[in-house]
Amino acid sequence: MIKETITRIKLTATEGMILTDGESYGRVVYLASGDEGEKWYEITEEEYNKTLEDNNHEII
Amino acid sequence: MATIKGKWRWDIGAEDTAGYFKTVEEQVSFVSNGEEYVGLIKTTFGGGLEIGYMLNDGSSHIFIRDFLGGAPHITESLRIIDFGETEQEVSEEFYNYLIANAHELTIAEKLTKIAENEQKVYDAGIEEGKKSEYDTFWDAFQRNGGRRYYDRAFAEDGSNHGWVYGTSYRPKYPMKPKSANLMYGFSRLPYAAIDPVDFSDCINVSDCFTYYMGGKDLPWLDFRKVTTALRVFAYSSGLEQIWGIQVSETTPLSGWFTGCSGLKEVRFNGTIAQNNVDFSSCTKLSKASIMDIVNHLSYTTTGLKITFSKTAVDKAFETSEGANNGSDSSSWNDDYVGVYNNWNIVLA
């Protein structure tokens with residue numbers, strides 16, 4: 001039997017900010033085991049809302 | 001062992017609430033709604049019931065599914081099952097279940113059913129003289145039953161809705177699309193119109209149900225062979241429940257649920273193993289649905305992301321009524337976050 005303790009990093013956005021890796025957006029991110037989170041950074045909620053507007057599209 | 005033959009009809013609301021999870025499979029040949037089946041699978045769990053008819057390729061069609069506390073979903077076209085005229089050996093357990101929950105059709109019922117089938121084309125609303133118009137249109141539209149590319153076939157245009165279930169929408173042939181891009185986009189066709197469509201061979205379902213306005217429910221959807229699938233249910237804000245989605249490890253799920261703000265219940269079958277599964281718009285997603293989604297995530301793939309609405313998780317896993325603290329709960333963190341650590345889990 002192998003017993004291991006797995007560490008998982010949890011990122012929590014600062015008040016008024018949103019976490020993103022350029023693709024996904026959230027207030028809390030549980031990184032996969034072994035991931036150090038270098039891809040994630042914070043943006044303001046205004047920037048996030050602007051991104052949502054830009055991503056809305058019309059079906060052609 | 002017991003023997004069975006002939007045509008049987010399930011009684012309404014066939015129930016067997018064993019109170020615990022139990023699956024019973026019976027290998028028996030029968031025909032239902034023109035399709036040949038090789039067995040029947042019955043699953044009971046916690047007051048719920050599901051009866052499926054097994055096809056030769058391992059897939060199944062669901063006759064009854066009743067496990068979400070609401071009205072059971074019954075595929076009426078599968079209510080009659082025909083074991084044929086040659087007696088088949090079945091288990092005593094299956095035979096006893098059948099005689100308790102179904103009855104063999106009498107001669108009178110069989111004659112009525114034959115008459116109904118012969119009159120199918122002359123249903124109310126189709127006058128005698130317009131039969132040829134019906135055949136002419138649907139033979140052409142469905143290429144005498146050979147049409148496989150149904151891209152935009154029943155998509156609507158903004159506020160214009162030409163397809164109305166039971167009148168203009170009366171497909172003559174079964175539909176088994178190979179491509180269903182925007183097939184029911186902006187559609188108001190109800191559940192009963194979608195349920196008979198067989199997606200099991202379909203490879204493209206991009207925008208298939210985008211801006212769907214046909215009701216709160218969508219039926220079981222077999223997307224196991226899909227390779228192109230953008231925005232499948234996007235912006236269907238009135239959609240509350242998808243009875244089931246069959247996926248495979250190669251089924252892409254990116255953008256499926258964008259704007260599905262009303263979605264409460266969804267169930268999966270198969271393994272979710274593609275990136276950017278996004279339920280961030282689904283703020284009303286139930287605990288049972290979140291649990292089901294997570295339990296179908298691949299154990300082996302790495303570097304993938306799944307996003308849930310933090311509002312949904314906080315409500316679903318809250319430690320007491322109104323606490324909305326689910327994302328801090330041990331249930332969420334220990335049983336899900338702590339287990340599926342090969343996935344990046346984002347709470348939006």
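Rules used throughout
- Residues numbered from 1 in each chain as written.
- Chains lettered and ligands numbered in written order.
- Predicted model: local features only at pLDDT ≥ 70, side-chain atom pairs only at ≥ 80, totals over all residues.
- Heavy atoms only, no water.
- Helix = DSSP H or I, 4+ residues; strand = E, 2+ residues; numbered from the N terminus.
- Contact = heavy atoms within 4.5 Å.
- Areas by Shrake-Rupley, 256 points an atom, 1.4 Å probe, with all protein chains shown as cover.
- Salt bridge = Lys/Arg side-chain N within 4 Å of Asp/Glu carboxyl O.
- Buried < 20%, exposed > 50% of the residue type's maximum accessible area, 1.4 Å probe, protein only.
- Phe/Tyr/Trp six-rings, centres within 6.5 Å; stacked < 30°, edge-to-face > 60°.
- Buried area = accessible area lost by both parts, 1.4 Å probe.
- Pairing = 2+ DSSP bridges.
- Polar contact = N/O pair within 3.5 Å; in protein donor to acceptor, adjacent residues only side chain to side chain.

Visitor: Is there a simple way to explain the overall build of chain B in this structure?
Guide: Along the backbone of chain B there are seven helices and 16 strands. Pairs at least 24 apart in sequence give 59% of the contacts found in chain B among residues at least 6 apart. Roughly 15800 Å² of accessible area belongs to chain B as shown, and the carbon and sulfur atoms make up 49% of that amount.

Visitor: Can you help me understand the pattern of salt bridges in this one?
Guide: Should their charged atoms come close, side chains of opposite charge can pair. On inspection of all chains with the given rule, the structure shows 16 salt bridges over all chains. The closest approach of N and O atoms between Glu50(B) and Arg65(B), which form a salt bridge, is 2.7 Å. Of this pair, Glu50(B) sits in strand 5 (residues 48-54) while Arg65(B) sits in strand 6 (residues 60-66), and the two are 15 residues apart along the sequence. Ionic pairing is found between Arg267(B) and Glu265(B), a salt bridge with its closest N-O pair at 3.1 Å. Here Arg267(B) falls in the buried class, since its relative accessible area comes to 10%. On the basis of relative accessible area, Glu265(B) is assigned to the buried category, the value being 17%. The structure contains a network of salt bridges with shared partners spanning Asp21(A), Glu23(A) and Lys305(B).

Visitor: I would appreciate a short explanation of the packing of aromatic side chains in the present structure.
Guide: The description of an aromatic ring pair rests on the distance of the ring centres and on the angle between the ring planes. Residue and element names in this part refer to chain B. Under the criterion given, the structure shown has 42 aromatic pairs over all chains. Pairing Phe30 with Tyr37 gives two aromatic rings, centres 5.4 Å apart and planes at 25 degrees, and the pair type is stacked. Both residues of the pair, Phe30 and Tyr37, count as buried. Plain terms: the ring middles of Phe223 and Trp256 are 5.8 Å apart, the flat faces sit at 85 degrees to each other, and that makes the pair edge-to-face. Of this pair, Phe223 sits in the loop between strand 11 (217-222) and strand 12 (241-246) while Trp256 sits in the loop between strand 12 and strand 13 (265-269); the two residues are 33 residues apart in sequence, bridging distant segments of the chain.

Visitor: Explanation requested: the interface of chain B and chain A in the structure shown.
Guide: For an interface, size is often stated in terms of accessible area lost upon the parts coming together. Contacts between chain B and chain A engage 27 residues on the former and 21 residues on the latter. Between chain B and chain A the total buried area reaches about 1700 Å² when both faces are included, carbon and sulfur atoms providing 50% of it. Considering only the surface of chain B that becomes buried against chain A, Lys305(B), Asn341(B) and Asn344(B) emerge as the three largest contributors, covering 28% of it. Inspection of the chain B/chain A interface yields two salt bridges.

Visitor: For this particular structure, what's the right way to read the pairing of strand 16 (residues 343-347) of chain B?
Guide: Here is the key point about a regular strand: its side chains alternate between the two faces of the sheet. Of all five residues making up strand 16 of chain B, five are buried, and the element is well covered by its neighbours. Here strand 4 (residues 28-30) of chain A runs beside strand 16 of chain B; their pairing, made up of three bridges, is antiparallel. Each residue of the ladder has a partner; that of Val29(A), found in strand 16 of chain B, is Val346(B). Here strand 15 (residues 304-308) of chain B runs beside strand 16 of chain B; their pairing, made up of five bridges, is parallel. Looking at the pairing, Lys305(B) lines up with Asn344(B) of strand 16 of chain B.

Visitor: What exactly am I supposed to notice about the environment of Ala155(B) here?
Guide: Residues and elements named next belong to chain B. Along the chain, the position of Ala155 falls in the loop between helix 3 (131-141) and helix 4 (191-194). Overall, Ala155 belongs to the partly exposed group, its relative accessible area being 21%. Between the alpha carbons of Ala155 and Thr210 there is a distance of 9.4 Å; along the sequence they are 55 residues apart. If we ignore the near neighbours within four places in the chain, the residues touching Ala155 are Leu182, Met183 and Gly185.

Visitor: How should the side chain of Ser200(B) be read in this particular structure?
Guide: All names here are of chain B. Mapped onto the elements of the fold, Ser200 is located in the loop between helix 4 and strand 11. Classification of Ser200 as buried rests on a relative accessible area of 14%. Among the polar contacts listed, one links the side chain of Ser200 to the side chain of Asp198, at a separation of 2.6 Å. Aside from chain neighbours lying at most four places away, what touches Ser200 is Lys176, Asp222, Arg224 and Lys225.

Structural measurements only, silent on function.
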